[in-house]
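Here is what each chain is made of, one letter per residue.
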Amino acid sequence: MGKNLKEVCLIGAGRAGMIHARNFKNKVPGFKITAVCDPIEDAVKAACKELEIDRFYFDYKDALQDENIDAVIIVSPTKYHCEIAVAAANAGKHILCEKPMAMNAAECQMMIDAAEKNHVVLQIGFMRRFDKSFMAAKEAIDAGKIGEVVLVKSLTRGPSTPRPWMYDIKKSNGPLAEVNSHDIDTVHWFSGSEFEHVYAIAGNYRCHDARKEFPDFYDNVVLNGRFKNGVQASIDGAQGVGYGYDARAEILGTDGCIYLGNTDENTMLCVDRSGIKEQKFMKSWTHLFEDAYLGEDLDFAICVLEGKQPKVTGRDGMNAVKIVEAGNTSIIEKRIVYLD
């Protein structure tokens, strides 16, 4: 393969990872997915077969020794993000890292420092910033279409129940990290400011088998707060809701309001003789934000090729992680938590 193409290695061949991999197979000019890394053999083989490539690794350290690889997409469990990203930066590889960025703010800072030291791109996977509707909302806010922003609300509710490893909040950081990282970034982006304080409440309403061994686990959470510029924020998240994938946002201003979110799987609406309307509810985030993922990958490519700053930086990723930490502290200690 000629080196006029930048070679990409996917680290983590799960659902989100394969969305990026399919984009880099033939939709991102100047780039090509050429390798996959995952400790699970079946996942590696399935990914390679679909992507029509034959280079794979079971250990990311081996992948980073491949001098042909120019960039990595990190979609491993969050607890490994920091060590993989720092190693990738030290190996001179550009980095697209899925959310949550890391387990804590200290790890995020290590990733940022490593990327800056080695002059590589570090972009965080908040793909909603590349969704056409979300971008249009941001443009309307900046243009003053709804006056001054007063309140930003964002929610994400997923149909699937958490995996057992997520029950330990110390290992997963809970739904605030796994589910609501996008919401935290959304309210931060639309408010144009940094959080001043947060207050969160949570509970376990659906995962009965986790209650005895993991009493701190929650599958439903509400986080409210205020930004330094006075804008109010409200976030809610849930796992195992069953009815579908639900991601919506609302921005209330002094002179208007913006509503975001598509809950329909398609535009087909059926009405029978009884007059009852029937429409399929959105079942998967992979369908809802498919174009946004491509926009995110295209932006990453441009940043690498042209030396530009990503639209979503490590600082943005760290801001979200800080709110996850503050929110979990608020839940446990039942108090308002102020940010530095």
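This one's a predicted model, so the numbers in the text were calculated from it and none came from an experiment.

Thresholds, definitions, all that
- Residues numbered from 1 in each chain as written.
- Predicted model: local features only at pLDDT ≥ 70, side-chain atom pairs only at ≥ 80, totals over all residues.
- Heavy atoms only, no water.
- 1 Å grid on protein atoms, 1.4 Å probe; cavity = no way out; pocket = protein on both sides within 12 Å on 5 of 7 lines; lining within 4 Å.
- Points joined across faces, edges and corners; volume = space filled by probe spheres on them.
- Helix = DSSP H or I, 4+ residues; strand = E, 2+ residues; numbered from the N terminus.
- Nonpolar A, V, L, I, M, F, W, Y, C, P; charged D, E, K, R; others polar.
- Buried < 20%, exposed > 50% of the residue type's maximum accessible area, 1.4 Å probe, protein only.
- Arc of directions from axis to C-beta.
- Contact = heavy atoms within 4.5 Å.
- UniProt positions renumbered as here; feature names shortened; annotations may be inferred.
- Pairing = 2+ DSSP bridges.
- Axes fitted to C-alpha atoms, helices over the stretch in contact; angles between N-to-C directions.
- Salt bridge = Lys/Arg side-chain N within 4 Å of Asp/Glu carboxyl O.
- Phe/Tyr/Trp six-rings, centres within 6.5 Å; stacked < 30°, edge-to-face > 60°.
- Core = buried A, V, L, I, M, F, W, Y, C linked by side-chain atoms within 4.5 Å.
- Lys, Arg positive; Asp, Glu negative; His and termini not counted.

1. Re the layout of surface pockets
Argument step 1. When its volume is computed, the largest pocket comes out at roughly 1,300 Å³.
Argument step 2. Lining the largest pocket we find 47 residues, and of these Val75, Arg163, Trp165, Met166 and Glu178 sit closest to its centre.
Argument step 3. Lining the second largest pocket are 20 residues, and of these Asp131, His287, Leu288, Phe289 and Asp291 sit closest to its centre.
Argument step 4. Secondary structure elements with two or more residues in the lining of the second largest pocket: helix H6 (132-142), helix H10 (285-288) and helix H11 (290-306).
Argument step 5. Of the residues assigned to the lining of the second largest pocket, the class counts are 8 nonpolar, 6 polar and 6 charged.

2. Looking at H6
Residues spaced three or four apart along an α-helix point in a common direction, a consequence of the helix completing one turn every 3.6 residues.
Argument step 1. Those residues of H6 that fall on the buried side of the exposure criterion are Phe134, Ala137, Lys138, Ala140 and Ile141. Down the axis of H6, the sector holding all buried residues measures 160°, keeping them to one side. In H6, those exposed residues whose orientation departs by more than 90 degrees from the buried face are Lys132, Glu139 and Asp142.
Argument step 2. Contacts from the buried residues of H6 go to strand E7 (149-157), helix H9 (181-191), strand E11 (246-253) and strand E12 (257-260).

3. Structural notes on the UniProt feature "domain: Gfo/Idh/MocA-like oxidoreductase N-terminal" (unreviewed entry) in the protein
Argument step 1. Taken from the UniProt record, the annotation "domain: Gfo/Idh/MocA-like oxidoreductase N-terminal" (unreviewed entry) applies to residues 8-126.
Argument step 2. Secondary structure across residues 8-126 divides into 44% helix and 24% strand, with the first and last C-alpha atoms of the span separated by 19 Å.

4. Some thoughts on the environment of Ala71
Argument step 1. Structurally, Ala71 is set in strand E4 (residues 69-74).
Argument step 2. On a C-alpha basis, the gap between Ala71 and Gly92 in space is 8.3 Å, while along the polypeptide they are 21 residues apart.
Argument step 3. Non-local contacts of Ala71, meaning those with residues more than four positions away in its chain, are made with Glu7, Val8, Cys9, Lys93, His94 and Phe300.

5. A short note on the sheet that holds strand E2 (residues 31-37)
Argument step 1. Within the open sheet, the 6 strands sit side by side as E3-E2-E1-E4-E5-E6. Their pairing is parallel. Looking along the sheet, the strands with just one partner apiece sit at the ends: strand E3 (55-57) and strand E6 (122-125). Between one strand axis and the next, the sheet turns through 25° on average, direction left out of account.
Argument step 2. Across 5 bridges, strand E1 (residues 6-11) lies against E4 in parallel orientation. Its bridge partner being in E4, Ile11 is matched across the sheet by Ile74.
Argument step 3. In the packing of helix H2 (residues 41-51) onto the sheet, contacts are made with E2 and E3, and the angle to E2 comes to roughly 160°.

6. Considerations on the pattern of salt bridges
Argument step 1. Evaluated as defined, the whole model comprises 15 salt bridges.
Argument step 2. Measuring nitrogen to oxygen at the nearest pair gives 2.7 Å for the salt bridge that ties Lys45 to Glu41. One end of the pair is Lys45 and the other is Glu41, both in helix H2 and 4 residues apart, which spans about a single turn.
Argument step 3. On the basis of relative accessible area, Glu41 is assigned to the partly exposed category, the value being 40%.
Argument step 4. Close ionic contact of Asp219 with Arg206 constitutes a salt bridge, the shortest N to O distance being 3.4 Å. One end of the pair, Asp219, is in the loop between strand E8 (195-203) and strand E9 (220-227); the other, Arg206, is in the loop between E8 and E9, and 13 residues separate them in sequence.
Argument step 5. Classification of Arg206 by relative accessible area gives partly exposed; the value is 31%.
Argument step 6. Residues participating in the shared-partner salt-bridge network are Arg157, Asp236, Asp246 and Arg248.

7. A word on the packing of aromatic side chains
Argument step 1. Inspection of every chain in the model, using the stated rule, returns 10 aromatic pairs.
Argument step 2. Measuring from centroid to centroid gives 6.3 Å for Phe134 and Phe289, while their planes differ by 65°, and the two rings are edge-to-face. Taken together, the residues span a long stretch of sequence, with Phe134 in helix H6 and Phe289 in the loop between H10 and H11 at a distance of 155 residues. The exposure classification of Phe134 matches that of Phe289, with both residues buried.
Argument step 3. Ring geometry for Tyr167 versus Phe214: centroids 6.2 Å apart, planes at 45°, classification tilted. Here the residue Tyr167 occupies a position in the loop between E7 and helix H7 (169-172), and Phe214 occupies one in the loop between E8 and E9, the gap between them amounting to 47 residues.
Argument step 4. Of the residues examined, Tyr167 reaches a relative accessible area of 10% and is grouped as buried.
Argument step 5. Each member of the aromatic cluster is reached from another via a ring pair, and the members are Phe134, Trp189, Phe190 and Phe289.

8. Digging into the nonpolar core
Argument step 1. Ranked by size, the top nonpolar core spans 109 residues in total, and within it Val72, Ile95, Met111, Phe190, Ile251 and Phe289 carry the most contacts.
Argument step 2. With 7 residues, the single largest contributor to this core is helix H12 (residues 314-333).

9. Comments concerning the side chain of Glu107
Argument step 1. By the element assignment, Glu107 lies in helix H5 (residues 105-118).
Argument step 2. No salt bridge is formed by the buried Glu107; the nearest opposite charge belongs to Lys79, separated by 11 Å.

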